[in-house]
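Architecture at a glance
The chain contents come next:
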Amino acid sequence: MRHISVTVVEYTSELIRFGSVSHLSNGPVTDYAQSVLQDLGCETERVEYMDGGILKANVVGRCGATGPGGIAYFGHTDVVPVDDWSIAEHGPFEPVVRDDRLYGRGSTDMKGSIACMFAAVRSLKDQNFKHPVYISCSSDEELDHRGAIEITKRSQLYRELIDGGACGIVGEPTSLDVVYAHKGGVQLVITSHGKAAHSSTREGVNANLAMIPFLQDLKTIYEMTETDKSLMNREFDPPTVCMNIGINDHTKAVNITAPQSVCTACFRPMPDTDVESIVARIQDAANAHGVEFRLKGQNPPFRRDPGSDYVKQSVELTNGRPSRTVAYGSEAGNLDEISNLIVLGPGNIDQAHKSDEWIALEQLEKGQNVYANMIRQFCL
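Below is a short write-up of the structure. (Residues numbered from 1 in each chain as written. Predicted model: local features only at pLDDT ≥ 70, side-chain atom pairs only at ≥ 80, totals over all residues. Heavy atoms only, no water.)

By the definition in use, this model includes 17 salt bridges. The partner of R146 in a salt bridge is E150, and the shortest N-O contact between them spans 3.3 Å. Linking R146 with E150, this pair stays in helix α4 (residues 146–154), spanning four residues, or about one helical turn. With a relative accessible area of 28%, R146 lands in the partly exposed category. For E150, a relative accessible area of 12% translates into the label buried. Note that K219 and E223 form a salt bridge whose closest N and O atoms lie 2.4 Å from each other. (Salt bridge = Lys/Arg side-chain N within 4 Å of Asp/Glu carboxyl O. Helix = DSSP H or I, 4+ residues; strand = E, 2+ residues; numbered from the N terminus. Buried < 20%, exposed > 50% of the residue type's maximum accessible area, 1.4 Å probe, protein only.)

Put into structure tokens, the structure is as follows:
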């Protein structure tokens, strides 16, 4: 195995060991993150809420002097489900190093990133921070970003970093490229209601029969979003909103008339996308066919000026590659009060959410060094 700082691997491994799947409580992993922050000399603040009787926890820490400026890092401790984990030798929450990779759920998205920031602060712990380092570890990023939203509403340390004009880093995996913009997300649920009965009778009402003509209209709307140049943005690849459509009647047997038919639609708006017009067209189609429409959730896109001093400085402090956009989303869209903000983290998004999720040890090493460089520049 290559030589690498043990600390960042240990931090990542400890974080992976917590099975903090989004539908469960992330209280234990937040306890651990808070203990690390306190060990690093940070003042910490807890922001909690209940979600369907399940405790969700967020922690924000501040290291170094109070005052203006500094760096604010944002990461999330929840992970996606692991039902399809494919490595027989070990489970998803058993971190294993093999072939210069660290395997485990959340290694890339994004416990490795949080570990890099922990390790970076530790490596500079004896320095005199003239400006503060803020570290936020949130819940529910993989669902609806509620953890980050609660932090922006309720955290005194968050209000402090806003008032002080701290520069922000959202640590999602970017292969340590500086990202200045990403897409958002809109989730819709359309439901047709029927009546279950044995299909040999005429007692039932098949909900799919009302859904089918709606789906034909939705297909037309989908094709419009893929071809209408006014809805495209060539800064992104792909340059369209990439609508994804799902359909399921959840019926257990083929001889039951479906009592419900559920269509899900998700699309990824870019910073200049006319979201309202797309949503309105889908809602009008639902109303025309007598099916139920619900806007389930919406996360905003993110963009900052790629020519800004902060973006250019960040490029110089990382790998020198030009700043770019990504097609996925992050909590950056919820942090609109931070004017100087980028997405920057170790690992490749192609490795995230997979049945054998891993992060390269080299990325952890470089991630720690990049974050340490940012701290030196803006806090020392």
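Looking now at the environment of N255. Within the secondary structure layout, N255 lies in the loop between β10 (244–248) and β11 (260–267). For N255, a relative accessible area of 33% puts it in the partly exposed group. Taking the C-alpha atoms as reference points, N255 and C242, 13 residues apart in sequence, are found 35 Å from one another. Residues within four places of N255 in sequence aside, it is in contact with A197, H198 and S199. (Contact = heavy atoms within 4.5 Å.)

With that settled, the discussion passes to the packing of helix α6 (residues 208–227) against helix α7 (residues 275–288). Interhelical geometry of α6 versus α7 gives an angle of 165° and a closest axis separation of 9 Å. The orientation of α6 with respect to α7, classified from their angle, is roughly antiparallel. For the crossing formed where α6 meets α7, the hand is right-handed. Between α6 and α7, the contacting residues are F214, D217, L218, I221, M224 and T225 on the first element and I278, R281, I282, A285 and A286 on the second. Partitioned by chemical class, the residues of the contact of α6 with α7 number eight nonpolar, one polar and two charged. (Axes fitted to C-alpha atoms, helices over the stretch in contact; angles between N-to-C directions. Parallel < 35°, antiparallel > 145°, perpendicular 65-115°, else oblique. Left-handed = near helix turned anticlockwise from the far one by under 90°. Nonpolar A, V, L, I, M, F, W, Y, C, P; charged D, E, K, R; others polar.)

Take Y180: it is sitting in strand β8 (residues 179–182). Between the C-alpha atoms of Y180 and E89, which are 91 residues apart in sequence, the distance is 39 Å.

Attention now moves to the packing of aromatic side chains. Per the stated rule, a full pass over the model turns up five aromatic pairs. Where Y73 meets Y371, the ring centres are 5.5 Å apart and the plane angle is 65°; that geometry is what we call edge-to-face. With a gap of 298 residues between them, Y73 in strand β3 (residues 71–76) and Y371 in helix α9 (residues 361–379) connect regions that are remote in the sequence. With a relative accessible area of 0%, Y73 lands in the buried category. Judged by relative accessible area, Y371 falls into the buried class, the value being 0%. When the ring of F74 is compared with that of Y158, the centres are 6.3 Å apart and the planes differ by 70°; the resulting orientation is edge-to-face. Taken together, the positions of F74 in strand β3 and Y158 in helix α5 (residues 156–164) put the pair 84 residues apart, joining distant regions of the chain. By relative accessible area, which is 4% here, F74 ends up buried. With a relative accessible area of 1%, Y158 lands in the buried category. The ring of Y103 carries R98 above its face, with NZ or CZ at 4.5 Å from the centroid. The ring of W358 is capped by R101, whose NZ or CZ atom sits 3.7 Å from the centre of that ring. (Phe/Tyr/Trp six-rings, centres within 6.5 Å; stacked < 30°, edge-to-face > 60°. Lys NZ or Arg CZ within 6 Å of the ring centre and 35° of its normal.)

As a further point, take the environment of F267. Relative to the assigned elements, F267 resides in strand β11. Discounting chain neighbours no more than four positions away, the residues touching F267 are G184, G185, V186, L188, V241, C242, M243, V275, I278 and V279.

Read from one edge to the other, the open sheet built from four strands follows the order β10-β11-β9-β12, with strand pairing classed as antiparallel. The open sheet is flanked by β10 and β12 (292–299), the only strands paired with a single partner. Between one strand axis and the next, the sheet turns through 15° on average, direction left out of account. As judged from the five bridges shared by β10 and β11, these two strands associate in the antiparallel manner. Pairing of I247 across the sheet is with C263, part of β11. Across the face of the sheet, α6 comes into contact with β9 (185–193), β10 and β11 while running at roughly 15° to β11. (Pairing = 2+ DSSP bridges.)

A few words on the state of the cysteines. Taken as a whole, this structure holds one disulfide when the rule is applied. Paired through a disulfide, C42 and C63 show a sulfur-sulfur distance of 1.8 Å. Of this pair, C42 sits in the loop between α2 (27–39) and β1 (43–51) while C63 is found in strand β2 (residues 54–63), placing the two residues 21 residues apart along the sequence. Across the pair, exposure class does not vary: C42 and C63 are buried alike. This cysteine, C137, is not joined by any disulfide, and C42 carries the nearest cysteine sulfur, 9.8 Å off. The structure places no disulfide on C379, whose sulfur is separated from the nearest cysteine sulfur, that of C167, by 8.8 Å. (Disulfide = S-S within 2.5 Å.)

Function cannot be inferred from these measures alone, as they are strictly geometric.
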